[in-house]
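Residues per chain, in single letters:
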Amino acid sequence: MSDGHGSTPDTPPGWASNQPPPYGDAPGSPWTAPGSGPGAPPPPQPPQQPYGGQAPYGQPPPSGPGPYGPPPHGFPPPHGFPPPPAMRPGIIPLRPLGLGDILDGAIKLIRSNPKTILGLSAIVAALGAIPVAIGQAVVIGDLGAGINDPSLLENSQDIGFLAQYGGTLISYAVQFVAVTLLTGVLTRILGRAVFGGKMTVGEAWKLTRDRVPTLFGLVAIGLLAMLLPMVVVVLLIVGLGAAGADFGALFVVGALAMLGFIAYALFITTRLALAPSVAVLERRGVVDSLRRSWNLVGGGFWRTLGILLLTQLITALVALVLSFPFSIMAFVAGLIGQGSTGSRIVTAILIAVGGTVGAMITYPFQAGVNGLLYADRRMRAEAFDLVLQTAAIEQQRQGWVHASADDLWDPSITPGGPGRYDQTGRGAPWHDS
């Protein structure tokens, strides 16, 4: 139907009568895009770059140069990309350490220099195991002799008691000296192993021997810190018993006192656990080493306590597994021998070998964990990992680990820091002349 103005019924009002055809309808039309026509596929669209240069959700980013390539130097990686791995010239990565890094580093410390570390540990372990082995061999031999003659067992109880506990006390005295020296030497070897360097026994002893009095002082103070509260607890219980307190009151007081002592012992030993590493690597005195350890552990007490307890559990299980077969063979040999001299000797040898095998592994492992805890606390509290990385880069440039790497653990001797300087006024350890 017409509106009376001559417009066609198919054209909307106000539109021109000559309209271009729809897109792609008429072949050869001037309005048709080149290469298109009826049934032709749509032209390819250029790829769309997501905002920020990241791949669409659910798709991995392509590799190679381009918008997904590595970020310019000095800029952090885009969100979702892992950070670059830390430098690892030696037994640990030069960054704050996790639990796995500490345990793995302690194992790598043993593997990095097995002859020196296991040789020293075996000597110390044997010195501590022999007195205990002799005492236990006497007890087992008496048990074997008492199988056929019970009267011999009754007459030898006092001798067996003195032999067993006397050997244990002698072993503790030997360990007090030998293990203290071993800890100092192993800590010095660890300080070099962090950079991938090795150290002979003679060199380690030369660098550690002036620290021996300090190490003995630390152990003596630690023993006093444990013995004095224990004496107070014993005197308290004895005093209550003398005053006529009943068994229930003595039991409650004793249990509370023992729980308090355990909490005190865990707190003190954890806060002072890093003192030997400080004394050896930073060359500080007794009081200064204790104060330094107290401050370093303060920011991570519970983490340090957990790692130390886990280390004690691991070493106890490892020592038990390694020494258990020897202990079984020693017990059987002592019983079968029925107290003969030959059987006692064989029993003592087997027990000593089992104790030595277990301790020669656990001693360096414990020393390694303590030393790496010290390094971790410094990296977390003092950004010491940056100092280690700077030194490691310089060592890689020079192609070897210089002995001056040992000085780096001293806070007063750092690259460009206060302490020793060369003639140019720069920090001596890491500058070439």
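How each quantity is defined
- Residues numbered from 1 in each chain as written.
- Predicted model: local features only at pLDDT ≥ 70, side-chain atom pairs only at ≥ 80, totals over all residues.
- Heavy atoms only, no water.
- Helix = DSSP H or I, 4+ residues; strand = E, 2+ residues; numbered from the N terminus.
- Expected span 1.5 Å × (residues − 1).
- Bend = angle between axes of the 7 residues up to and from the residue.
- Buried < 20%, exposed > 50% of the residue type's maximum accessible area, 1.4 Å probe, protein only.
- Arc of directions from axis to C-beta.
- Contact = heavy atoms within 4.5 Å.
- Patch = residues over 30% accessible without salt bridge, like charges linked within 9 Å, V, L, I, M, F, W, Y side chains within 5 Å.
- Areas by Shrake-Rupley, 256 points an atom, 1.4 Å probe, with all protein chains shown as cover.
- Salt bridge = Lys/Arg side-chain N within 4 Å of Asp/Glu carboxyl O.
- pLDDT = per-residue confidence, 0-100.
- Phe/Tyr/Trp six-rings, centres within 6.5 Å; stacked < 30°, edge-to-face > 60°.
- Lys NZ or Arg CZ within 6 Å of the ring centre and 35° of its normal.

*Asks:* Give me helix H10 (residues 301–337): which residues, what numbers.
*Replies:* The end-to-end C-alpha distance of H10, which contains 37 residues, comes to 52 Å, matching closely the 54 Å that a straight helix rising 1.5 Å per residue would cover. Serine 323 marks the point of greatest bend in H10, at about 40°, and the proline proline 325 comes within the next four residues. Buried within H10 are the following residues: Phe301, Thr304, Leu305, Ile307, Leu308, Thr311, Thr315, Ser323, Ala330 and Gly334. Of the residues flanking the end of H10, it is glutamine 338, one or two places downstream, whose phi is positive at about 55°.

*Asks:* Go over the environment of threonine 183, please, and point to the residues and values.
*Replies:* Following the sequence through the fold, threonine 183 ends up in helix H4 (residues 157–193). Look at threonine 183 and you get partly exposed, because its relative accessible area is 26%. Spatially, the C-alpha atom of threonine 183 lies 5.9 Å from that of alanine 367, the residues being 184 residues apart in sequence.

*Asks:* Could you give me a rundown of helix H9 (residues 286–298), with the residues and numbers involved?
*Replies:* Look at H9: 18 Å from first C-alpha to last across 13 residues, which is about the 18 Å you get at 1.5 Å a residue. Along H9, the residues that are buried comprise Ser289, Leu290, Arg292, Ser293, Leu296 and Val297. Angularly, the buried residues of H9 cover 165° about the axis, an arc narrow enough to put them on a single face. The outward face of H9, more than 90 degrees from its buried face, is lined by the exposed residues Val287 and Asn295. Looking at the packing, one finds that the buried side of H9 touches helix H6 (212–242), helix H7 (247–271), helix H8 (275–281), H10 and helix H11 (341–382).

*Asks:* So what about a nonpolar patch on the surface? Which residues, and what values?
*Replies:* Taken together, Phe247, Phe251, Val252, Leu256, Met258, Leu259, Ile262, Leu266 and Leu309 make up a surface patch of nonpolar side chains, about 940 Å² in accessible area. With 8 residues, the single largest contributor to the nonpolar patch is H7. With respect to the element layout, methionine 258 can be found in helix H7. Given a relative accessible area of 44%, methionine 258 falls into the partly exposed group.

*Asks:* Can you break down the confidence of the model for the protein residue by residue, with the values?
*Replies:* Averaged over every residue, the pLDDT of the protein is 77; the share at 70 or more is 70%. The low-confidence segment residues 415–433 (pLDDT under 50) makes 33 contacts with residues lying over four places distant or belonging to another chain.

*Asks:* Help me get a handle on the packing of aromatic side chains, residues and values and all.
*Replies:* For the structure shown, the criterion picks out 7 aromatic pairs. When the centroid spacing of 6.5 Å and the interplanar angle of 65° are considered together, the rings of phenylalanine 195 and tryptophan 409 count as edge-to-face. Placement of the pair is phenylalanine 195 in the loop between H4 and helix H5 (201–208) and tryptophan 409 in the segment after helix H12 (384–398), with a sequence separation of 214 residues. Comparing phenylalanine 195 with tryptophan 409 shows no difference in burial state: the two are buried. Aromatic side chains phenylalanine 301 and tryptophan 302 sit 5.1 Å apart centroid to centroid with 80° between the ring planes, which places their arrangement in the edge-to-face category. Tryptophan 302 sits in the exposed class, given a relative accessible area of 67%. An aromatic cluster of at least three residues, connected via ring pairs, comprises Phe195, Tyr374, Phe384 and Trp409. In this structure, arginine 378 packs its charged tip against the face of phenylalanine 384, placed 3.9 Å from the ring centre.

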